[in-house]
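Coordinate analysis (summary)
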Amino acid sequence: MTGQPERLDHFMARANAAYYAGRDPFADFITSPEISQMFGELLGAWVAVVWEQLGRPAPFVLAEAGPGRGTLMADALRLLRRVAPACHAAARVHLIETSPRLRACQKVALKDATPTPVNWHDGLASLPEGPFILLGNEFVDALPIRQFVRHGQGWAERFVQAGRFVEQAAVLPPGHPALARSVPEGDVLETCQPALDFVSTLAARLQRGRGAALLIDYGYDAPAWGDSLQALRAGQPVDPLCDPGTADLTAHVDFASMAQAAGGVDVWGSVKQGDFLGALGLGARCEQLARAAPDQAHDIRAAARRLAAPEQMGRLFRVLGLSVGMTGLLPGFAGVRGSGAPQSA
């Protein structure tokens, strides 16, 4: 082999940074907002209800983490302008995006979508203080993971060298997730510290200014193990360790661990995306659009099924909510179980 072994999370961070800087990711995969306008519209309606429950703060920060082409935010703002104009007028849009290419797409998508200029940020830290609502769709899955392999009573960590995995002995500190899970011999446990750090920072931000956040992604809500690292190019799976920077690298999201990292706030879910969108009125909106455009009714209903059907995105994709200062239940969720405790679907 040639080259030095590179820890998997370092490899993944480097590969995805190159990928998002130099390629159009939507040539390789499609996200919920690109499937149908219904997705962004329903999240816009969710923002409007949350804003009311927060006491109608004006102004307030409306943020999105990983906004892609800007489609979700554009659809949400269009809905707000039509049905909740006071909320639309109070929103100050801030996008967390590091890719210059995608920032340019978002600028075009959101031209004239909001009465005040859109602001871009590299992370949560630079967002302005005050009341705050954040949306994050398929943001966490691209954060870099580490993988640990169980060998007897010990563990090894996976590194990447010359397009393949190599292992190095790992000494795990007290409290490491691997020490608390009964992982079978030879199997893989994944951890994602950047996801936990993001949620912890997000929870602290919510506590300072009151507000709510949604994180939507594919993953699991109970302790699990297995290798979920994957790569897509032109919609097809490819080897994630070969040709870094030419494919999008992602992994399944551990929602239970993120919920536990959200100290000091109310945690809602995670719940299945199909249940969440259904609670927000996906069926009714689908039929409304189908009646308005009967020649497109088949495609509209097919898009709704793709978003919500259990055999499509409805079960694998999950939704986690965080809130502080709400006067009622967070829309789309059946209930909350304490502060910093996950509510199972």
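Structure report, in brief. These numbers were taken from a predicted model, which means no experiment stands behind them. Counting restarts for each chain: residues are numbered from 1 in the order of the written sequence. Totals for whole chains, interfaces and linings use all residues, but because this is a predicted model, local features are given only for residues with pLDDT of at least 70 and pairs of side-chain atoms are given and counted only at 80 or more. The side-chain numbers reported here are obtained from all heavy atoms of the structure, hydrogens and water having been left aside.

Notes on the overall build of the protein chain
Regarding its fold elements, the protein chain presents 12 helices and 16 strands. The reference for a compact globule is 2.2 Å times residues^0.38; the radius of gyration itself is calculated from the C-alpha atoms. Its C-alpha radius of gyration of 20 Å places the protein chain within 12% of the 20 Å reference for a compact globule of 345 residues. With the C-alpha coordinates aligned to their principal axes, the bounding extent of the protein chain is approximately 60 × 45 × 35 Å. Only protein chains enter the accessibility calculation, which uses a 1.4 Å probe. A residue is then buried if its area is under 20% of the maximum for its type, exposed if over 50%, and partly exposed in between. By the burial criterion, 53% of the 345 residues in the protein chain qualify as buried. Whether two residues touch is decided by their heavy atoms; if any such pair falls within 4.5 Å, the residues are in contact. The long-range share in the protein chain, meaning contacts at least 24 apart out of those at least 6 apart in sequence, stands at 79%. Residue-level accessible areas treat just the shown protein chains as cover; the underlying method is Shrake-Rupley with a 1.4 Å probe. On the protein chain, roughly 14700 Å² of surface is accessible, and the fraction owed to carbon and sulfur atoms is 54%. Charge counting follows a simple rule: Lys and Arg are positive, Asp and Glu are negative, and His as well as the terminal groups are ignored. The atom standing in for a charge is NZ when the residue is Lys, CZ when it is Arg, CG when it is Asp and CD when it is Glu. Of the side-chain charges in the protein chain, 31 are positive and 34 negative, and the distance between the mean point of each set is 5 Å. Counting from the N terminus, the helices are the DSSP runs of H or I reaching at least four residues and the strands are the DSSP runs of E reaching at least two.

Details of the packing of helix α10 (residues 282-292) against helix α11 (residues 297-308)
Axis angle and axis distance: for two packed helices, these are the angle between their axes and the distance between the axes, and together they describe the pair. Interhelical geometry of α10 versus α11 gives an angle of 165° and a closest axis separation of 9 Å. The orientation of α10 relative to α11 falls into the category roughly antiparallel. Two packed elements cross with a definite hand, and for α10 against α11 that hand is right-handed. Of α11, the residues touching α10 (which contributes L282, C286, E287, L289 and A290) are A297, I300, R301, A304 and A308. Note that Gly is not counted as nonpolar here; it falls among the polar residues with everything else outside the nonpolar set of Ala, Val, Leu, Ile, Met, Phe, Trp, Tyr, Cys and Pro and the charged set of Asp, Glu, Lys and Arg. Class assignment of the residues belonging to the contact of α10 with α11 gives a composition of eight nonpolar, no polar and two charged. Here an angle of 0 to 180 degrees is reported between the N-to-C directions of two axes, which are lines fitted to C-alpha atoms, with helices fitted over the stretch in contact. By definition in this entry, angles of less than 35 degrees are roughly parallel, angles greater than 145 are roughly antiparallel, angles of 65 to 115 are roughly perpendicular, and the rest are oblique. Crossing handedness is defined as follows: a turn of the near helix away from the far one that is anticlockwise and smaller than a right angle gives a left-handed crossing, while the clockwise case is right-handed.

Details of the pattern of salt bridges
Salt bridges are defined by distance alone: a side-chain nitrogen of Lys or Arg within 4 Å of a carboxyl oxygen of Asp or Glu. Counted according to the given criterion, the structure contains 15 salt bridges. In this structure, R146 engages E157 in a salt bridge whose closest nitrogen and oxygen atoms are separated by 2.6 Å. Here R146, found in strand β6 (residues 146-151), pairs with E157, found in strand β7 (residues 154-161); they are 11 residues apart in sequence, far enough to count as distant. Residue R146 is classed as partly exposed on the basis of its relative accessible area, which comes to 26%. Assessed through its relative accessible area of 6%, E157 is described here as buried. The partner of E287 in a salt bridge is R301, with the nearest N and O atoms 2.8 Å apart. Separated by 14 residues along the polypeptide, E287 in helix α10 and R301 in helix α11 bring together distant segments of the chain.

Side note on the packing of helix α3 (residues 37-53) against α10
One can describe the packing of α3 onto α10 by two numbers: an axis separation of 11 Å at closest approach and a directional angle of 125°. Classed by the angle they form, the pair α3 and α10 counts as oblique. In this structure, α3 meets α10 at a crossing whose hand is right-handed. Across from Q37, M38, E41 and L42 in α3, the residues of α10 making contact are L282, R285, C286 and L289. Looking at the contact of α3 with α10 residue by residue, the classes come out as five nonpolar, one polar and two charged.

Topic: the nonpolar core
By convention a nonpolar core is built from buried Ala, Val, Leu, Ile, Met, Phe, Trp, Tyr and Cys residues, the set being connected through side-chain atoms within 4.5 Å. Core analysis: the biggest nonpolar cluster contains 50 residues, and W46, V47, F60, L62, I133 and F276 have the highest contact counts within it. Top contributing element to this core by residue count: α3, with nine residues. Those residues within four positions of L62 in sequence are excluded, and the remaining contacts are V47, M73, L77, L80, A91, R92, V93, H94 and I133. Ranked by size, the runner-up nonpolar core spans 42 residues in total, among them A63, F139, V140 and L322.

Describing the sheet that holds strand β12 (residues 236-238)
A sheet is described by the order of its strands in space; here three strands give the open sequence β12-β11-β13, paired in antiparallel fashion. Bordering the open sheet on either side are β12 and β13 (248-250), each of which pairs with just one other strand. When the angles between neighbouring strand axes are averaged without regard to direction, this sheet yields 40°. Any two strands with at least two DSSP bridges between them are considered paired. The pairing of strand β11 (residues 230-233) with β13 spans three bridges and is classified as antiparallel. Following the sheet pairing, L232 is matched in β13 by D248.

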